[in-house]
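For reference, the chains in residue letters:
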Amino acid sequence: MSKDSVQDGLVVSMEYKLIVDGELLDSSDGAGPLQFLVGYGNVIAGLEKEMMGMKIGDSKDVVVQPEDGYGEFDDDAFMDVPRTEFPADMELEEGMELHVTDEDGEHQAAYVAKFDDKTVQLDFNHPLAGAELHFSVKVVALRDPTEEELDHGHVHEEGHHH
Ligand code: ZN
């Protein structure tokens, strides 16, 4: 198969902008093009699907609905936790991100929705849950992954391994 277009098992470098509600939330302008290995869930599904077949130099605007992005906002994804579960000297703030471990040992991000002296309400929705994501992407390079990258299922940036 010819490898001159975006497809599973190739590493794509892309310039991108992410706009939500008319506001620029993220872009490659500062950090440079983002690289990702296609087909391993490294970028949100709705974006990857729309990029399939793009060639180097191609640009595209992609609108991703919540179900293919960060999910629908879930009114039930809130949990009340006793304030005593948190260190007494921990300064809580509305909107702050916390990393919690559930009963299965899975790490999850949660956000402080509100709190008082007794109870902290955590919100497990992703901050972009329910949002329609407007991406502008441009493919700037394509390459084969290294064996190690393929093995790990993600890109290894220079001088950075995990
Ligand atoms: Zn790795």
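Anyway, here's the lowdown on the structure attached to this text. (Residues numbered from 1 in each chain as written. Predicted model: local features only at pLDDT ≥ 70, side-chain atom pairs only at ≥ 80, totals over all residues. Heavy atoms only, no water.)

**A short note on unusual backbone geometry**
Of note, Asp21 is a non-glycine position whose phi angle comes to about 50°, a positive value. Relative to the helices and strands, Asp21 is located in the loop between strand S1 (11-20) and strand S2 (23-27). (Helix = DSSP H or I, 4+ residues; strand = E, 2+ residues; numbered from the N terminus.)

**Considering the pattern of salt bridges**
The final tally for this structure, using the stated rule, is four salt bridges. A salt bridge links Asp144 to Lys3; the shortest N-O distance between them is 3.0 Å. With a gap of 141 residues between them, Asp144 in the loop between strand S9 (133-143) and helix H2 (147-152) and Lys3 in the segment before S1 connect regions that are remote in the sequence. Among the residues examined, Asp144 registers a relative accessible area of 43% and is labelled partly exposed. Note that Asp68 and Lys49 form a salt bridge whose closest N and O atoms lie 3.8 Å from each other. (Salt bridge = Lys/Arg side-chain N within 4 Å of Asp/Glu carboxyl O. Buried < 20%, exposed > 50% of the residue type's maximum accessible area, 1.4 Å probe, protein only.)

**Quick look at the sheet that holds strand S8 (residues 119-123)**
To summarise the sheet geometry, strands pair through backbone hydrogen bonds and adopt either a parallel or an antiparallel arrangement. Pairing within the open sheet is antiparallel, and its four strands lie in the order S5-S8-S7-S6. The outermost strands of the open sheet, each flanked by one partner alone, are strand S5 (78-82) and strand S6 (97-101). Neighbour to neighbour, the strand axes of the sheet diverge by 45° on average, direction disregarded. (Pairing = 2+ DSSP bridges. Axes fitted to C-alpha atoms, helices over the stretch in contact; angles between N-to-C directions.)

**Focus on the nonpolar core**
In terms of nonpolar packing, the biggest core is built from 22 residues, with Val12, Leu47, Met51, Leu133 and Phe135 touching the most fellow members. The set of elements that each furnish at least two residues to this core consists of S1, helix H1 (45-51), strand S4 (59-64) and S9. Residues within four places of Leu47 in sequence aside, it is in contact with Met14, Val62, Val64, Phe135 and Val137. (Core = buried A, V, L, I, M, F, W, Y, C linked by side-chain atoms within 4.5 Å. Contact = heavy atoms within 4.5 Å.)

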